[in-house]
Amino acid sequence: ALRRSASATLQRLEQTFAGAQDVRLVEARIGMRPMPVDGLPVIGTVPSAEGLYAAVMHSGITNAAAVGLFAAHEILGGEREVLLERFRPERFCIN
């Protein structure tokens with residue numbers, strides 16, 4: 001079923017994009033989707049791991065552009081983005 005689904009996706013790709021006829025399916029895998037226990041994304045520095053910035057979410061494809069922009073601003077600029085506050089990793093920390 002996985003191979004059939006991957007092949008169907010490749011076929012749609014070939015029908016949609018010029019030059020995609022040269023694309024070949026090498027491998028198909030099933031992976032686990034990240035889903036925090038509260039269902040919300042986990043975005044920000046991880047308190048227990050110096051230098052680690054996490055951006056984990058179920059809706060990564062739809063949120064990738066915005067989260068990437070906010071993460072870059074936080075990582076490079078050193079200031080916390082207020083829109084990400086409810087998604088911080090420290091909400092899971094035990095004080």
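Cut-offs and rules
- Residues numbered from 1 in each chain as written.
- Predicted model: local features only at pLDDT ≥ 70, side-chain atom pairs only at ≥ 80, totals over all residues.
- Heavy atoms only, no water.
- Helix = DSSP H or I, 4+ residues; strand = E, 2+ residues; numbered from the N terminus.
- Polar contact = N/O pair within 3.5 Å; in protein donor to acceptor, adjacent residues only side chain to side chain.
- Contact = heavy atoms within 4.5 Å.
- Salt bridge = Lys/Arg side-chain N within 4 Å of Asp/Glu carboxyl O.
- Buried < 20%, exposed > 50% of the residue type's maximum accessible area, 1.4 Å probe, protein only.

Attention shifts here to the side chain of Glu-74. For Glu-74, the position within the fold is in helix H2 (residues 60-77). A distance of 2.5 Å separates a polar atom in the side chain of Glu-74 from a polar atom in the side chain of Arg-88. When near neighbours in sequence (up to four residues on either side) are disregarded, Glu-74 contacts Gly-44, Tyr-53, Glu-79, Arg-80, Glu-81, Leu-84 and Arg-88.

Another aspect to go through is the pattern of salt bridges. Two side chains with opposite charge may pair up if their charged atoms get near one another. Under the criterion given, the structure shown has five salt bridges. In this structure, Arg-91 and Asp-38 form a salt bridge, with 2.6 Å as the shortest nitrogen-oxygen distance. On the criterion of sequence distance, the pair formed by Arg-91 in the segment after H2 and Asp-38 in the loop between helix H1 (2-16) and strand E1 (42-45) is long-range, its members being 53 residues apart. Among the ionic pairs, Arg-88 bridges to Glu-74, the shortest N-O distance being 2.5 Å. Taken as a pair, Arg-88 in the segment after H2 and Glu-74 in helix H2 lie far apart in primary sequence, 14 residues in all. By relative accessible area, Glu-74 is classed as buried at 9%.

A word on the environment of Arg-80. Tracing the chain through its elements places Arg-80 in the segment after H2. For Arg-80, a relative accessible area of 48% corresponds to the partly exposed category. Arg-80 sits 52 residues away from Ala-28 along the chain, and the two C-alpha atoms are 38 Å apart. Residues contacting Arg-80, with those up to four places away along its chain left out, are Glu-74, Glu-85, Arg-88 and Glu-90. Separated by 2.9 Å, the side chains of Arg-80 and Glu-85 make a polar contact. Within the structure, Arg-80 has its side chain in polar contact with the side chain of Glu-90 (distance 2.9 Å).

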